[in-house]
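# Geometric and topological summary
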Amino acid sequence: MSKPSLPKGTRDFSPVEMVKRNYIFETIKKVFRKYGYAEIQTPSMENLATLTGKYGDEGDKLIFKILNSGDFLGKVDEQLLAARNSQLTTSQVSEKALRYDLTVPFARYVVMHQNEISFPFKRFQIQPVWRADRPQKGRYREFYQCDADVVGSASLLNEAEFVLIYREALINLGLKDFTIKINNRKILSGIAEIIGKPELIVDMTVAIDKLDKIGFEGVTNELIERGFTQADIDQLKPVILLEGSNAEKLESLKQVLATSTLGLKGIEEIETVFNYVSRLTTHNLQPVTQLELDITLARGLNYYTGCIFEVKTNEVAMGSIGGGGRYDDLTGMFGLKDLTGVGISFGADRIYDVLEELSLFPVSAAQGTKVLISNFDAAAEVYALPILQQLRSHDIAAELYPAAAKLKKQLGYADDKKIPYVILIGEDEMKSGKLTLKDMQSGAQQQLAIAEIVGQLAG
RNA sequence: GUGGUUUUAGCUCAGUUGGUUAGAGCGCCUGAUUGUGGUUCAGGAGGUCGUGGGUUCGAGCCCCAUAUUCCACCCCA
């Protein structure tokens, strides 16, 4: 028997880690619910056809496919097999796949349940997703997303509320310095339109998205590689290097995009979101200073059509810890037209890594066992059983050491599990009916009747 | 998909030009203490050196393959 191991990019979660992970999930869920979002879940696997074609060519490659059951090779066309073309053969040997994100399954859900849903439909979903990526810092092959989306409402109030949701959840998690970046796909389209290369919008956004990493010169090189001329770049330069406050950026953009109705529409949308946000925070002591218009923000997904979000922490070097945006026609791929939606996602695993690095997890809110009953011998064990049940009936987390072991060992067990109290039951205690309650932190011991112990521990 | 990197005790890691029986710290077990943990002291257990081949009289160390870790690119949470 060889040593067991785990597939690449996957992890076990220990009891200690689960407490921390649940803390993150609960904090985010609480905010989602507060803003009117209700939880749903979808299966881990979807039909392969539901997922393919939704994430671009790169994304499709990263989908984990599930092999068909039974004699899946026997049914494949001979010629196809002989051609050894994996891409063409895939659809013959695999018809299911693990979900790649939560948004596409959600779109599928909306289409399938359209008759029972009342719109606008606000849902949140916290489940793992899988990507056949190469793992690296902050990147796993199985990780959790925390998504909130609303479909059936074009109002930019939704976008504004997502800004508040991001802000509230991250502040509640203890993060101090983070940036919520916002951009609008229509502005990007407008820019591409102005320089007369609307068909190159994807190449343009991919290139300028890297400004942070490779600088203006690097972006220039990449733009040229992707088919832009020096004249195009001269036109793009003031846009890419846009600086100043959000209001100043918007003013400059209005001039650049003066002749693009699409671009102006994007600017107007951003302004509306900003207005909503400021009105929603009027009575808040702290204004939203973390919201920043970033024209270089592109995001890879093909389906975004309006506002785009991305959240980064400035306290730790880490990829984005959240992202999202508006998609005007996501459900169109499944046959339900003209249903607009907007959503955001928290990357729980990255947030975990960030909180860990910054030591921001609260010192365990004592969720474990509160009291351990020692076990000296068979007689003491029998004596302890009704006491154990009495403690539990008062909602006190209690356990009886399951074997008559040395007290040293039992106290060591309580110490390891950070159980704050131990009840000692021996001959003396059974005779007097007064049990010994030991406070593990101070070491102090008291002789108390069971009712007194319950009173003390329940408080 | 591309390039680099890691793997030796439960954990973190040493291990010289290829040479006898592969080490340390922490943890674990036992005892000092037959009913008192987190401190101390004494003793003990624990290894197919990631896996499979190869070179060699001899491999933890060299070569090949493969898995895995971490990192960068692509892309992305």
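Residues numbered from 1 in each chain as written. Chains lettered and ligands numbered in written order. Predicted model: local features only at pLDDT ≥ 70, side-chain atom pairs only at ≥ 80, totals over all residues. Heavy atoms only, no water.

## Regarding the packing of helix α10 (residues 211-225) against helix α11 (residues 230-240)
Our working definition: Helix axes use the C-alpha atoms of the stretch in contact, all axes being lines fitted to C-alpha atoms, and the angles between their N-to-C directions lie in the range 0 to 180 degrees. Every helix listed is a DSSP run of H or I at least four residues long, and every strand listed is a run of E at least two residues long, numbered separately from the N terminus. For this classification, under 35 degrees means roughly parallel, over 145 means roughly antiparallel, 65 to 115 means roughly perpendicular, and everything else is oblique. Each crossing is labelled by how the near helix is turned from the far one, with a counterclockwise turn of less than a right angle marking it left-handed and a clockwise turn marking it right-handed. In this description, contact between two residues means that some pair of their heavy atoms is separated by no more than 4.5 Å. Only Asp, Glu, Lys and Arg are considered charged in this grouping, and only Ala, Val, Leu, Ile, Met, Phe, Trp, Tyr, Cys and Pro are considered nonpolar; every other residue, Gly among them, is considered polar.
Two elements in contact, α10 and α11, have axes separated by 9 Å at closest approach and are oriented at 155°. The orientation of α10 with respect to α11, classified from their angle, is roughly antiparallel. The hand of the α10/α11 crossing is right-handed. Mapping the contact onto sequence places Leu-211, Phe-216, Val-219, Thr-220, Leu-223 and Ile-224 in α10 and Gln-230, Ile-233, Leu-236, Lys-237 and Ile-240 in α11. A breakdown of the residues in the contact of α10 with α11 according to their chemical character gives 8 nonpolar, 2 polar and 1 charged.

## Focus on the side chain of Asn-184
Here is the rule we go by: Nitrogen and oxygen atoms within 3.5 Å of one another constitute a polar contact, given that in protein one can donate a hydrogen and the other can accept it, and given that sequence-neighbouring residues count only through two side-chain atoms.
Among the secondary structure elements, Asn-184 is positioned in strand β7 (residues 178-184). There is a polar contact of 2.8 Å between the side chain of Asn-184 and the backbone nitrogen of Lys-186. Residues within four places of Asn-184 in sequence aside, it is in contact with Gly-266, Glu-269, Ile-270, Thr-305, Gly-306, Cys-307 and Ile-308.

## Considering helix α8 (residues 185-194)
Here is the rule: For each residue, the accessible area found with a 1.4 Å probe, counting protein chains only, is set against the maximum for its type, and the residue is called buried under 20%, exposed over 50%, and partly exposed in between.
Most of α8 sits inside the fold, with 8 of its 10 residues counted as buried. Taken together, the buried positions of α8 are occupied by Arg-185, Lys-186, Ile-187, Leu-188, Ser-189, Gly-190, Ile-191 and Ala-192. Next to the buried residues of α8 lie β7, α9 (201-208), α11, α12 (246-256), α13 (261-280) and β9 (307-313). Of the residues trailing α8, Gly-196 is marked for its positive phi of about 75°.

## Observations concerning the sheet that holds strand β16 (residues 445-448)
Put simply, the rule reads: Following DSSP output, two strands are said to pair if at least two bridges run between them.
An order of β13-β12-β14-β15-β16 is seen for the 5 strands of this open sheet, with the pairing classed as mixed. The open sheet is flanked by β13 (398-400) and β16, the only strands paired with a single partner. Here the average twist between neighbouring strands, direction ignored, is 25°. In terms of strand pairing, strand β14 (residues 421-424) meets strand β15 (residues 435-439) through 4 bridges, oriented antiparallel. Within the sheet, the bridge partner assigned to Val-422 lies in β15 and is Lys-438. In this fold helix α16 (residues 407-416) packs onto β12 (371-373), β13, β14 and β15, with an angle of close to 160° to the strand it touches most, β12.

## A look at the protein's contact with RNA strand B
For clarity, the threshold we go by: Any residue with a heavy atom positioned within 4 Å of a molecule or strand is treated as near that molecule or strand.
Close to RNA strand B lie 40 residues, the nearest being Lys-137, Arg-139, Ser-320, Lys-406 and Met-440. Sugar and phosphate atoms form 44% of the subset of RNA strand B atoms that lie within 4 Å of the protein. Contact between RNA strand B and Lys-406: a phosphate oxygen at 2.5 Å from a side-chain N or O atom of the residue. Within the side chain of Glu-429, one N or O atom sits 3.2 Å away from a base nitrogen of RNA strand B. Looking at which element gives the most residues to the surface near RNA strand B, the answer is α16, with 5 residues. When the residues that make up the surface near RNA strand B are grouped by side-chain class, the tally is 10 nonpolar, 12 polar and 18 charged.

## Quick word on the sheet that holds strand β4 (residues 96-98)
Read across the sheet, 3 strands follow the order β2-β4-β3 without closing on themselves; strand pairing throughout is antiparallel. Strand pairing shows two members of the sheet lacking a second neighbour, β2 (45-47) and β3 (65-66), which therefore form its edges.

## Some remarks on the environment of Ile-387
Residue placement: Ile-387 occurs in helix α15 (residues 378-393). Between the C-alpha atom of Ile-387 and that of Ala-398, which follows or precedes it by 11 residues, the distance is 9.7 Å. Leave out the neighbours within four places in its chain, and Ile-387 touches Ile-373, Ile-425, Leu-435 and Ile-450.

## As for the nonpolar core
We apply this condition: Residue types Ala, Val, Leu, Ile, Met, Phe, Trp, Tyr and Cys, when buried and joined through side-chain atoms within 4.5 Å, form a set referred to as a nonpolar core.
Phe-32 and Phe-346 are the most contacted members of the largest nonpolar core, which has 73 residues in total. Here this core takes 8 residues from helix α7 (residues 157-172), the largest share from any one element. Ignoring anything within four residues of it in the chain, the contact list for Phe-346 reads Ile-28, Phe-32, Tyr-144, Gln-145, Cys-146, Ile-165, Tyr-166, Ala-169, Leu-170, Ile-321, Gly-322 and Ile-351. With 23 residues, the next largest nonpolar core counts Ile-40, Leu-62, Val-104 and Phe-106 among its residues.

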